[in-house]
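Here is what each chain is made of, one letter per residue.
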Amino acid sequence: MFGNYYGGGYYSSWIIFVLPAMLFASYAQLKISSAFNKYSRVSSGTGYTGAQIARMILDRNGLYDVRIEQVGGKLTDHYDPRTKVVRLSNSIYGGSSIASMSVAAHEVGHAIQHAEGYFPLILRNNIAPIASIGSRLVWIFIFIGFAISPFFIELGIALFLSVVLFQVVTLPVEFNASRRALVQLENGIMTRDNIKPAKEVLKAAALTYVAATLVAIGELLRLLAITNRRRD
């Protein structure tokens, strides 16, 4: 019975709820890769690197205590609110392309959010530790629940709700950071002709966050479907 249950319910629920979101996630990844690769080869025309642009925007907003560091990897750029550090990947840190400027400005947008006490960012930071635990342990609790007690199933689903909430809250955080980035770039840094390509890069990046949210929601619906089927 256990094997038949997983042979049918597990895979059918994955196809219904998760596969469409995974396909959209693949599309989003292609869009960001295409936009980033395209505009990584187009000069911003300013002569400034991503790191210099980031420093310029930070100082303009009075964030002199926020540091900028270089990190390895591709598109590993992020802002760390715990240490007040904007971390830029190699190509963004030293690059002077439209893509470099756009990504650097976006990460600084998060630093500005932090300085202003932007509520969705604070909420996301508070949810993050629970969501991290939930994403790692959810299936362990589900399997224990099937074997021992439904209580663990409910606990697993409750933990995964934090993952979904984290992804949902991430959307306004990222969209807002991109809007802030464009405002800064339009304010005497980037020419009008280059603002449109910058928007294209940031919109493509936003798709990846939408995709991550849809995947999380799909996983939650799958969990609910297979656990309800188990109860039946």
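Scope of this entry: the structure provided in the associated data block.

Conventions used here
- Sequence order sets the numbering: in each chain, residues are counted from 1 along the sequence as written.
- Confidence filtering applies because this is a predicted model: local features only for residues at pLDDT of at least 70, side-chain atom pairs given and counted only at 80 or more, and all residues used for totals across whole chains, interfaces and linings.
- Side-chain metrics rest on all non-hydrogen atoms present in the structure, leaving aside hydrogens and water.
- Burial classes: relative accessible area under 20% of the type maximum marks a residue as buried, over 50% as exposed, and values in between as partly exposed (1.4 Å probe, protein chains only).
- Per the convention used, a helix needs a DSSP run of H or I reaching at least four residues, while a strand needs a run of E reaching at least two, with both numbered from the N terminus.
- DSSP calls a pair of strands paired once it identifies at least 2 bridges connecting them.
- Here, a salt bridge means any side-chain nitrogen of Lys or Arg that lies within 4 Å of a carboxyl oxygen of Asp or Glu.
- When checking whether two residues touch, look at their non-hydrogen atoms; a contact exists if any pair is within 4.5 Å.
- For helices, the fitted line uses only the C-alpha atoms of the stretch in contact; every axis is such a line through C-alpha atoms, and the angle between N-to-C directions lies from 0 to 180 degrees.
- A 1.4 Å probe that fits into a set of points on a 1 Å grid over the protein atoms alone but cannot get out defines a cavity; an open set with protein on both sides within 12 Å along at least five of seven lines defines a pocket, and lining residues are those with an atom within 4 Å of a point.
- Grid points are joined across faces, edges and corners, and a volume is the space filled by probe spheres set on the points.
- Asp, Glu, Lys and Arg are counted as charged, while Ala, Val, Leu, Ile, Met, Phe, Trp, Tyr, Cys and Pro are counted as nonpolar; the rest, among them Gly, fall into the polar class.
- Put simply, two rings from Phe, Tyr or Trp (the six-membered ring, in Trp's case) pair if the centres are within 6.5 Å, and we call them stacked under 30 degrees between planes, edge-to-face over 60, tilted for the rest.
- The criterion for a charge sitting over a ring is simple: Lys NZ or Arg CZ within 6 Å of the ring centre, and within 35 degrees of the ring normal.

1. Considering the pairing of strand β3 (residues 85-89)
Within β3, five of the five residues are buried, leaving the element largely enclosed by the surrounding structure. Here β3 shows no split at all, with V85, R87 and S89 on one side and V86 and L88 on the other all buried. Both strand β1 (residues 67-71) and β3 contribute to a ladder of five bridges, which runs parallel. The partner of V71 across the bridge, within β3, is S89. Relative to β3, strand β2 (residues 78-80) is paired through three bridges, and the arrangement is antiparallel. When the bridges of β3 are listed, Y79 appears paired with V86. Where β2 folds back onto β3 in an antiparallel hairpin, the turn is made up of four residues, including K84, whose phi is positive at roughly 55°.

2. A word on the pattern of salt bridges
One pass over the structure, following the stated rule, counts nine salt bridges. E69 is the partner of R87 in a salt bridge, and the nearest nitrogen-oxygen pair spans 3.2 Å. One end of the pair, R87, is in strand β3; the other, E69, is in strand β1, with 18 residues separating them in the sequence. A relative accessible area of 27% places E69 in the partly exposed class. When salt bridges with common partners are traced through the structure, they connect R67, E69, D80, R82 and R87 into a single cluster.

3. As for the environment of L220
Looking at where L220 falls in the secondary structure, it is placed in helix α7 (residues 192-231). For L220, a relative accessible area of 12% puts it in the buried group. Once the C-alpha coordinates of L220 and V164 are considered, the two residues, 56 residues apart in sequence, prove to be 7.6 Å apart. Contacts of L220, omitting those with residues within four sequence positions, involve I157, F160, L161 and V164.

4. Some details on the sheet that holds β3
Ordered by their spatial adjacency, three strands build an open sheet running β1-β3-β2, and the pairing between neighbours is mixed. The sheet is open, and its two borders are formed by β1 and β2, each paired with just one other strand. With strand direction ignored, the average angle separating the axes of adjacent strands in the sheet is 30°. Each of β1 and β3 touches helix α2 (residues 50-60); the most contacted strand, β1, lies at about 160° to it. Here helix α4 (residues 98-116) sits on the sheet in contact with β2 and β3, set at roughly 25° to β2.

5. Observations concerning the layout of surface pockets
In this model, the largest pocket occupies a volume close to 660 Å³. The wall of the largest pocket is formed by 26 residues, among which D77, H78, E107, E174 and Y209 lie closest to the centre. Among the residues forming the lining of the largest pocket, the class breakdown is 12 nonpolar, eight polar and six charged.

6. Description of unusual backbone geometry
With a phi close to 55°, L75 is a non-glycine residue in the positive phi region. Note on placement: L75 falls in the loop between β1 and β2. A positive phi angle is found at K84, which is not glycine, with a value near 55°. Tracing the sequence through the fold places K84 in the loop between β2 and β3.

7. Re the packing of aromatic side chains
Inspection of every chain in the model, using the stated rule, returns four aromatic pairs. Between the aromatic rings of F141 and F152, the centroid separation amounts to 6.3 Å while the plane-to-plane angle is 10°, which identifies the pairing as stacked. Pair noted here: F141 is in helix α5 (residues 119-147) and F152 is in helix α6 (residues 150-186), with a separation of 11 residues, a long-range link. Here the aromatic residues F141, F151 and F152 are joined through ring pairs into a cluster of three or more. Between the NZ or CZ atom of R180 and the centre of the ring of Y118, over which it lies, the distance is 5.6 Å.

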